[in-house]
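If you want the building blocks of each chain, they are given just below.
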Amino acid sequence: GQQVMQIPQYQHVQEGEDFTTYCNSSTTLSNIQWYKQRPGGHPVFLIQLVKSGEVKKQKRLTFQFGEAKKNSSLHITATQTTDVGTYFCAGTINQAGTALIFGKGTTLSVSS
Amino acid sequence: DSGVTQTPKHLITATGQRVTLRCSPRSGDLSVYWYQQSLDQGLQFLIQYYNGEERAKGNILERFSAQQFPDLHSELNLSSLELGDSALYFCASSKQIGGMADTQYFGPGTRLTVL
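As the structure is a prediction and not an experimental result, all values here were calculated from the model. (Residues numbered from 1 in each chain as written. Chains lettered and ligands numbered in written order. Predicted model: local features only at pLDDT ≥ 70, side-chain atom pairs only at ≥ 80, totals over all residues. Heavy atoms only, no water.)

## A short note on the overall build of chain B
Now for step 1: Within chain B, the regular secondary structure consists of zero helices and 11 strands.
Now for step 2: Reading the secondary structure of chain B in the N-to-C direction produces β-β-β-β-β-β-β-β-β-β-β.
Now for step 3: Scaling as 2.2 N^0.38, a compact globule of 115 residues should have a C-alpha radius of gyration of about 13 Å, and chain B matches this with 13 Å.
Now for step 4: Referenced to the eigenvectors of the C-alpha coordinate spread, the extents of chain B come out at roughly 40 × 30 × 30 Å.
Now for step 5: Counting only residues that meet the buried cut, chain B has 54% of its 115 residues in that class.
Now for step 6: At a minimum sequence separation of 6, the contacts of chain B that also span at least 24 residues come to 56%. (Helix = DSSP H or I, 4+ residues; strand = E, 2+ residues; numbered from the N terminus. Rg over C-alpha atoms; globule rule 2.2 N^0.38 Å. Buried < 20%, exposed > 50% of the residue type's maximum accessible area, 1.4 Å probe, protein only. Contact = heavy atoms within 4.5 Å.)

## What to know about the sheet that holds strand β6 (residues 55-58) of chain A
Residue and element names in this part refer to chain A.
Now for step 1: Strands sit in the order β1-β3-β8-β7-β6 across an open sheet of five strands; the sheet is antiparallel. The sheet terminates laterally at β1 (4-7) and β6, the two strands that pair on one side only. Sheet twist, expressed as the average angle between the axes of neighbouring strands with direction ignored, equals 15 degrees.
Now for step 2: The pairing of strand β3 (residues 19-25) with strand β8 (residues 71-76) spans six bridges and is classified as antiparallel. Looking at the pairing, Thr21 lines up with Leu74 of β8. (Pairing = 2+ DSSP bridges. Axes fitted to C-alpha atoms, helices over the stretch in contact; angles between N-to-C directions.)

## Observations regarding the sheet that holds strand β1 (residues 5-7) of chain B
Residue and element names in this part refer to chain B.
Now for step 1: Reading across the sheet, the four strands line up as β1-β3-β8-β7 and stay open at both edges, with antiparallel pairing between neighbours. The open sheet has two edge strands, β1 and β7 (64-68), and neither has a second partner. Across this sheet, the average inter-strand angle for adjacent strands is 15 degrees, counted without regard to direction.
Now for step 2: Two elements, strand β3 (residues 19-24) and strand β8 (residues 74-78), share five bridges in a ladder whose sense is antiparallel.

## Topic: unusual backbone geometry
Now for step 1: In this model, Ile7 of chain A is joined to Pro8 of chain A through a cis peptide bond whose omega is -10 degrees.
Now for step 2: Within the secondary structure layout, Pro8 of chain A lies in the loop between β1 and β2 (10-14).
Now for step 3: Between Thr7 of chain B and the following residue, Pro8 of chain B, the backbone shows a cis peptide bond with an omega angle of -10 degrees.
Now for step 4: By secondary structure assignment, the location of Pro8 of chain B is in the loop between β1 and β2 (10-13).
Now for step 5: You will see that Ala78 of chain A, though not glycine, has its phi angle at about 50 degrees, which is positive.

## Remarks on the pairing of strand β7 (residues 61-65) of chain A
Residue and element names in this part refer to chain A.
Now for step 1: The buried fraction of β7 amounts to four of the five residues, a majority that puts the element mostly inside the structure.
Now for step 2: Bridging between β6 and β7 involves four bridges; their strand directions are antiparallel. Counted as the bridge partner of Lys57 is Thr62 from β7.
Now for step 3: Connecting the antiparallel pair β6 and β7 is a turn made up of two residues, with Lys59 showing a positive phi of about 55 degrees.

This is the structure:
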């Protein structure tokens, strides 16, 4: 079936180090969204990417959508303890698609 | 606070029982989505309703059913519960039918424990 794979599953960094999570789909995606879930919380929307090769930045976070629209990445520069949580990518398969297919997430822990 | 409310917050029940989870979407949102989150399976899409009609179906078991009422709140019914149904159940809502440019806003979740 349609799958969205995300790696790594877990990542521990020292505060100030960079962090990247990667998302890969077996099928071309019409768009990809990224969500963050803090420990004990619920997923919160971060951003949506739609165009092939698109790059968007939010402060220390950089999001990329691959040229083939089958992969995406989230890069955090100089992590802070507030970045702790699980980052999910989620995509829709076609323009009429409504269901988001979520990756299993990357859980980031940061030590100071 | 996303504006999506879910009740109850916690639910503890026994195997074989039936429970109902309730979700009220954000004001103005027409779509409601249900997700199951467990440690080993991640966030699994169950079902979506748009303006009262079923719009998309995911990995929802036959023992589970949902509906969206005229006031747009939704209920997820889980029956013949098994130990493996223990999970966090999230409801999310969005303005439109979903897909591109339609952000989903998640509620706080209902933690179901089946003993």
